Amino acid sequence: MKYLSPDEIRGLKESGYDPVLLEARADSERWEAVNGLREKIESAFAGVTLGDGIGLMEGRGLDDYEDADVLAQLHAQDERIDWHRFSSETLLSYQSSISFTDAEGMRFHLPAWMFAELRDDGIAGLIGSLCRISPHNEQQFSLLSPEQRSVVRDFLEFMRDDPDYTHERAEIDAAIKHIWSQLPPQ
């Protein structure tokens, strides 16, 4: 769900939109919470790079069973420095890569995926990936710092209250309690 800023609401009212309907849509507290969450994500993931991890293109290559030569080419083409460079369109077109990233790839792409979700440009599978951690995919989250894990918990708490995630609320609550409130072993 896209949350309108107070300025956007004011502009729509000035353009003739029904103010009663706009007020029903407006939720300035929720909009403020989105901005606060974005700031936390920025802070927790500042300076994170992909390193030698699996990026979006290489992840798709793995999904497509590409050979080692093609995977090496895709690895070399992947964005490795700045997760802010990913547009929503790019993230959407490579959404299957979430299942194929390694721990470095997850740590690098996770803030971009969370930002896309907060813009209502959601990545299919993100909430499920954060809620259904099994021994198979648990290593993907092994490099997250306590601060980054805390931000993921805050993100899930925010999404739990989003009307678009009503059906996932119990699963999100369980993940918050059993996965994201626990600190990783040191």
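The preceding data block contains the structure.
Residues numbered from 1 in each chain as written. Predicted model: local features only at pLDDT ≥ 70, side-chain atom pairs only at ≥ 80, totals over all residues. Heavy atoms only, no water.

Participant: Got a minute to help me understand the overall build of the protein chain in this structure?
Facilitator: Of regular secondary structure, the protein chain possesses 10 helices and zero strands. The helix and strand sequence of the protein chain, counted from the amino end, reads α-α-α-α-α-α-α-α-α-α. The contacts of the protein chain with a sequence gap of at least 6 include a subset with a gap of at least 24, amounting to 73%. For the protein chain, the accessible area works out to roughly 9900 Å², and carbon and sulfur atoms hold 51% of it. (Helix = DSSP H or I, 4+ residues; strand = E, 2+ residues; numbered from the N terminus. Contact = heavy atoms within 4.5 Å. Areas by Shrake-Rupley, 256 points an atom, 1.4 Å probe, with all protein chains shown as cover.)

Participant: Before we go on, may I ask you to explain the pattern of salt bridges in this structure?
Facilitator: Opposite charge on two side chains lets them pair, provided their charged atoms get close. Under the criterion given, the structure shown has five salt bridges. Where Glu79 meets Arg85, a salt bridge forms, and the shortest distance between an N and an O atom there is 3.2 Å. Across the salt bridge formed by Asp161 and Arg160, the nearest N and O atoms sit 3.6 Å from each other. Here the salt bridges do not stand alone but share partners, grouping Arg160, Asp161 and Asp173 into one network. (Salt bridge = Lys/Arg side-chain N within 4 Å of Asp/Glu carboxyl O.)

Participant: Which parts of the structure should I look at to understand the packing of helix 4 (residues 56-63) against helix 5 (residues 68-77)?
Facilitator: Each packed pair of helices is defined by two parameters, the angle between the axes and the distance between the axes. Relative orientation of the contacting elements helix 4 and helix 5 amounts to 160°, with a least axis distance of 7 Å. The angle between the axes of helix 4 and helix 5 places the two elements in the roughly antiparallel class. Here Met57, Glu58, Gly61 and Leu62 of helix 4 lie close against helix 5, whose contacting residues are Leu71, Leu74, His75 and Gln77. Looking at the contact of helix 4 with helix 5 residue by residue, the class counts come to four nonpolar, three polar and one charged. (Axes fitted to C-alpha atoms, helices over the stretch in contact; angles between N-to-C directions. Parallel < 35°, antiparallel > 145°, perpendicular 65-115°, else oblique. Nonpolar A, V, L, I, M, F, W, Y, C, P; charged D, E, K, R; others polar.)

Participant: What should I look at first to understand the environment of His75 in this one?
Facilitator: Mapped onto the elements of the fold, His75 is located in helix 5. Assessed through its relative accessible area of 18%, His75 is described here as buried. When residues no more than four places from it in sequence are discounted, the contact partners of His75 are Asp52, Gly53, Glu58 and Arg80. (Buried < 20%, exposed > 50% of the residue type's maximum accessible area, 1.4 Å probe, protein only.)

Participant: Could you clarify how one ought to interpret the packing of helix 9 (residues 146-160) against helix 10 (residues 169-180) in this entry?
Facilitator: Packing of helix 9 against helix 10 leaves a shortest axis separation of 9 Å and a crossing angle of 160°. With respect to helix 10, the element helix 9 is oriented roughly antiparallel. The handedness of the crossing between helix 9 and helix 10 is left-handed. Here helix 9 contributes Arg149, Val152, Arg153, Leu156, Glu157, Met159 and Arg160 to the contact with helix 10, which in turn contributes Arg169, Ile172, Asp173, Ile176, Ile179 and Trp180. Taken together, the residues of the contact of helix 9 with helix 10 sort by class into seven nonpolar, no polar and six charged. (Left-handed = near helix turned anticlockwise from the far one by under 90°.)

Participant: I'm lost on the nonpolar core in this one. Help?
Facilitator: Soluble globular proteins: nonpolar side chains tend toward being buried together. Core analysis: the largest hydrophobic core is formed by 41 residues, its most contacted members being Phe45, Phe155 and Leu156. Secondary structure elements with two or more residues in this core: helix 3 (28-44), helix 7 (103-118), helix 8 (126-131), helix 9 and helix 10. Ranked by residues supplied to this core, first place goes to helix 7 with nine residues. Setting aside its immediate chain neighbours within four residues, Phe45 contacts Trp83, Arg107, Leu110, Pro111, Met114, Leu144, Gln148 and Val151. (Core = buried A, V, L, I, M, F, W, Y, C linked by side-chain atoms within 4.5 Å.)

Participant: Could you clarify how one ought to interpret a negative patch on the surface in this entry?
Facilitator: Together, Asp64, Glu66, Asp67 and Asp69 make up a region of like negative charge exposed at the surface. Here Asp67 shows up in the loop between helix 4 and helix 5. Its relative accessible area of 45% is what places Asp67 among the partly exposed residues. (Patch = residues over 30% accessible without salt bridge, like charges linked within 9 Å, V, L, I, M, F, W, Y side chains within 5 Å. Lys, Arg positive; Asp, Glu negative; His and termini not counted. Charge placed at Lys NZ, Arg CZ, Asp CG, Glu CD.)

Participant: Mind showing me how you'd approach unusual backbone geometry here?
Facilitator: Glycine aside, residues mostly have negative phi, and peptide bonds are mostly found in the trans state. One non-glycine residue, Tyr65, lies in the positive phi region at around 60°. By the element assignment, Tyr65 lies in the loop between helix 4 and helix 5.

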